[in-house]
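Geometric and topological summary
Given next are the chains, with one letter for each unit.
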Amino acid sequence: MPENSTVTSWVKEMVELCQPDQVFWCDGSEEEKKTLERLAVEKGLLTPLNPSRWPGCFHHRSNPNDVARVEQCTYICTETEEEAGPTNNWMAPASAYRILKNLARGGMKGRTLYVIPYLMGPPGSPLSRVGVELTDSLYVVLNMRIMTRMGAIAWEELGDRSDFNRGLHCLLDVDPARRYICHFPQDNTIISVGSGYGGNVLLGKKCLALRIASWLGRKEGWLAEHMLILGVESPEGERTFVAAAFPSACGKTNFAMMIPPDRFKGWKIWTVGDDIAWMQPGPDGRLYAINPENGYFGVAPGTNGKSNPNAMATIARDTIFTNTALTADGDVWWEGMDGPPPAECLDWKGERWTPASKEKAAHPNSRFTAPMRNNPMLASEVECASGVPISALIFGGRRATTLPLVCEAFNWVHGVYLGATMGSETTAAATGAVGQVRRDPMAMLPFCGYNMGGYFRHWLNLRKRMKFPPRIFQVNWFRKGAEGEYLWPGFGENMRVLRWIIDRCHGRVGANETPLGWSPRPQDFDLEGMTGFGPAELERVQNINIEEWRREVISQDELFMRIYSFLPKEMIFQRELLVARL
Ligand code: OXD
Ligand code: MN
């Protein structure tokens, strides 16, 4: 128990509200981990996997009604609706506290309340933040232990300050009708009830590191973004860092852990983070980023030795698998894993499954929770308190048409416009229809803790505090041809796009001016060693179809109309300039 009296009196208040039978203060030690894992196995929450194949790994099944983030139950509770903005669900704090306290009252009777102190970011970083999550879920404790720097380290970092994030999570009866994920940015508080699924309950991740942090970032002059961070090392040892935003389940983890193809002998990609970046201008006028997380909560389906060998190495031990399939001999499986499917297994709901079954064995949003320190390509800078200098920001979407493979913004304001108008086909990471294009500005639509118009303004304002702002790029790995075939091979080959981006940042290659931005010329884009992909294919994947762009501009307007009264005028001017160029 810490000596911090703000912590102890808040915990006391929450204990009085939830009335658990016991209170357990987590210390984050190895010994505690073993004890809690044993308890979770006894309670049937975790199944140990075969220790010779998956040492230290466990399998978990969530309630089938609770398998993804629920945006319709996610609220920003600010004094005025305007502060939350038209793209967030809003509730007045007083009403939200009343509803939530009524639900939480006595909600932990017969259960244990775990106190989880955690640190987001490297110790000693001016960007790092402390959170305390109170939960009655042992699964949450064990996941938070992987995803954050949990335990005594957080108390040390907090000292006697009171600016920690207060998080309360109650499982209740996991009833979707009583499911709320509420954020109170003005109180630095999160209350989540009625769910046990990752993004709704691992409060350090989406709730603190994005929704609350984006609010804090606006107030304090920094950015909390849904971005991976990676370092590209050339054979000469030059290291260049980039941060990239892609919507959920669009390959951020794969990109962050990419292994360059053979053509790029001597090049290395180092992972700093795979999901979240906290960034602020440094004293030298560059933008610096830290990864606030400590682990990866990645999508399992499609992860294999070809798509992401580093992820396969990372999840080989001390990992929790959620909603994957499970075999009788303690193996896990998902669609798109290496090798043939098992002849028989239990699917994500625990029902018998064979390759003849019509349903998928693993839930499309099944996940692995793995320590980042297992990653063979973890950047040493991940512990650096000042963060890494960012040379390029990349915005990516999943678009079958319209968007070229890569282009570079003309300048910062144009780059913010590219990010603000990002659209992507929806995925299984959130409940709802899959495959429809929705506007997802900077991949932050579900995660921005305040008014989206104010958020664009904050991005624009930040430019004034950077002498050397990163260049901004837009990418789309997912463009398809008339027959539905992908026009770009993706995965490791994305290194070629990254190389062009890096070379642009260092002023080493030219580009063609197009209505959408700077586009690679074939002579500047490394095509060597590619089979069936030459200058003609590059032109195809970069092609700008004017008809598609007419529709695109109209469809971009839908979001702009929703937030019109808050939209910075620069965004409207950029739209006009684009139309004029087209
Ligand atoms: C995630 C998400 O889990 O974006 O990272 O949904
Ligand atoms: Mn994410």
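Position labels on residues start from 1 in each chain and follow its written sequence. In the order they appear in the text, chains get letters beginning with A and ligands get numbers beginning with 1. Only residues with pLDDT of at least 70 get local features here, since the model is predicted, and only at 80 or more are side-chain atom pairs given and counted; chain-wide, interface and lining totals rely on the full set of residues. Remark: hydrogens and water are excluded; side-chain values derive from all non-hydrogen atoms of the structure.

**Focus on the overall build of the protein**
When its secondary structure is counted, the protein shows 16 helices and 31 strands. If you line up the protein on its principal axes, its C-alpha atoms span 70 × 55 × 45 Å. Within the protein, the proportion of its 582 residues that are buried is 62%. Looking at the protein as shown, the accessible area adds up to about 21900 Å², and 51% of this sits on carbon and sulfur atoms. Charged side chains in the protein number 63 positive and 66 negative. The centres of these two groups are separated by 2 Å. Here a strand is any run of E in DSSP of at least two residues, a helix any run of H or I of at least four, and the numbering for each starts at the N terminus. Partly exposed residues are those whose accessible area sits between 20% and 50% of the maximum for their type, while under 20% is buried and over 50% is exposed, using a 1.4 Å probe and protein chains only. Per-residue accessibility takes into account occlusion by the displayed protein chains alone, with areas from the Shrake-Rupley method and a 1.4 Å probe. When charges are counted, Lys and Arg contribute as positive and Asp and Glu as negative, whereas His and the chain ends are disregarded. To locate a charge, take NZ of a lysine, CZ of an arginine, CG of an aspartate or CD of a glutamate.

**Description of the site of ligand 1**
Near ligand 1 lie ten residues; those nearest to it are Arg-69, Lys-206, Ser-248, Asp-275 and Arg-367. Within the side chain of Arg-69, one N or O atom sits 2.9 Å away from an oxygen atom of ligand 1. Contact between ligand 1 and Arg-367: an oxygen atom at 2.9 Å from a side-chain N or O atom of the residue. Protein contact buries 95% of the 210 Å² of open area that ligand 1 shows by itself. When residue character is reported, Ala, Val, Leu, Ile, Met, Phe, Trp, Tyr, Cys and Pro are called nonpolar, Asp, Glu, Lys and Arg charged, and the others, Gly included, polar. Looking at side-chain class alone, the shell around ligand 1 contains three nonpolar, two polar and five charged residues. Neighbouring residues are identified by heavy atoms, a residue being near a molecule or strand if any of them is within 4 Å of it. Polar contact is defined as a pair of N or O atoms within 3.5 Å, subject to the rule that within protein one atom must be able to donate a hydrogen and the other to accept it, and that residues adjacent in sequence are counted only when both atoms are side-chain atoms.

**Some thoughts on the coordination of the manganese ion (ligand 2)**
Around a metal, the ideal angle is 109.5 degrees if four donors adopt a tetrahedral arrangement and 90 or 180 degrees if six donors adopt an octahedral arrangement. Because water is not among the atoms used, a metal site may look incomplete, as its donors are only the N, O and S atoms within 2.8 Å, or 3.2 Å for Na, K and Ca. At 2.2 Å from the manganese ion (ligand 2) lie its protein donor atoms, namely Lys-206 (NZ), His-226 (NE2) and Asp-275 (OD). Owing to a relative accessible area of 6%, Lys-206 belongs among the buried residues under this scheme. Classification of Asp-275 as buried rests on a relative accessible area of 8%.

**Considerations on the packing of aromatic side chains**
Stacked, tilted and edge-to-face pairs are distinguished by plane angle, under 30 degrees for stacked and over 60 for edge-to-face with tilted covering the rest, among Phe, Tyr and Trp rings (Trp via its six-membered ring) whose centres lie within 6.5 Å. The tally for this structure, following the rule as stated, stands at 23 aromatic pairs. Geometrically, the ring pair formed by Phe-410 and Trp-518 is edge-to-face, given 5.7 Å between the ring centres and 75° between the ring planes. Here the residue Phe-410 occupies a position in the loop between strand E26 (406-408) and helix H11 (412-420), and Trp-518 occupies one in strand E31 (residues 517-519), the gap between them amounting to 108 residues. For Phe-410, a relative accessible area of 26% gives the class partly exposed. Among the residues examined, Trp-518 registers a relative accessible area of 24% and is labelled partly exposed.

**Quick word on the domain arrangement of the protein**
As used throughout, domain bounds are those supplied by an automatic or database domain assignment. Segmentation of the protein into domains returns domain 1 (5-46 + 70-220), domain 2 (224-295 + 379-581) and domain 3 (297-370). When each unit is reduced to the centre of its C-alpha atoms, the spacing between domain 1 and domain 2 is 31 Å. Contact criterion: two residues are considered in contact whenever any of their non-hydrogen atoms come within 4.5 Å of each other. Taken together, the contacts link 38 residues of domain 1 with 35 residues of domain 2. Each partner contributes to the roughly 3200 Å² buried at the junction of domain 1 and domain 2, and carbon and sulfur atoms together form 57% of this total. Every case where a carboxyl oxygen of Asp or Glu lies within 4 Å of a side-chain nitrogen of Lys or Arg is listed as a salt bridge. Taken together, the connections running from domain 1 to domain 2 amount to five salt bridges. Scanning the region where domain 1 abuts domain 2 turns up 21 residue pairs in polar contact (both at pLDDT 80 or more). By buried area we mean how much accessible surface two parts lose on assembly, using a 1.4 Å probe and totalling the loss over both.

**Topic: the pairing of strand E9 (residues 165-170)**
Burial analysis of E9 places six of its six residues in the buried class, the great majority of the element. Every second residue of E9 is oriented toward a common face, with Asn-165, Gly-167 and His-169 on one face and Arg-166, Leu-168 and Cys-170 on the other, all of them buried. By the convention used here, strands pair only if DSSP detects at least 2 bridges between them. Note: E9 against strand E11 (residues 189-193), five bridges, orientation parallel. For Arg-166, the partnering residue across the bridge sits in E11 and is Thr-189.

**A word on helix H16 (residues 569-581)**
Residues spaced three or four apart along an α-helix face the same direction, because each turn holds 3.6 residues. Between its first and last C-alpha, H16 extends 18 Å over 13 residues, near the 18 Å set by a 1.5 Å rise per residue. Every buried residue belonging to H16 is among Met-571, Ile-572, Gln-574, Arg-575 and Leu-578, and all of these are buried. Taken end-on, H16 shows its buried residues confined to a sector of 160°, consistent with a single buried face. The outward face of H16, more than 90 degrees from its buried face, is lined by the exposed residues Phe-573 and Ala-580. The span you would expect from a helix comes to 1.5 Å times its residue count less one. In this context, the arc is that of the directions from the helix axis out to the C-beta atoms.

**Notes on the pairing of strand E7 (residues 129-135)**
Among the seven residues that make up E7, seven are buried, leaving the element largely enclosed by the rest of the structure. A two-sided burial pattern is seen for E7, the buried positions comprising Arg-129, Gly-131, Glu-133 and Thr-135 on one face and Val-130, Val-132 and Leu-134 on the other. Bridge count between strand E6 (residues 112-120) and E7: seven bridges; the pairing is antiparallel. Across the sheet, Ile-116 pairs through a bridge with Glu-133, a residue of E7. Bridging between E7 and E9 involves five bridges; their strand directions are parallel. Paired with Gly-131 across the strands is Asn-165, a residue of E9.

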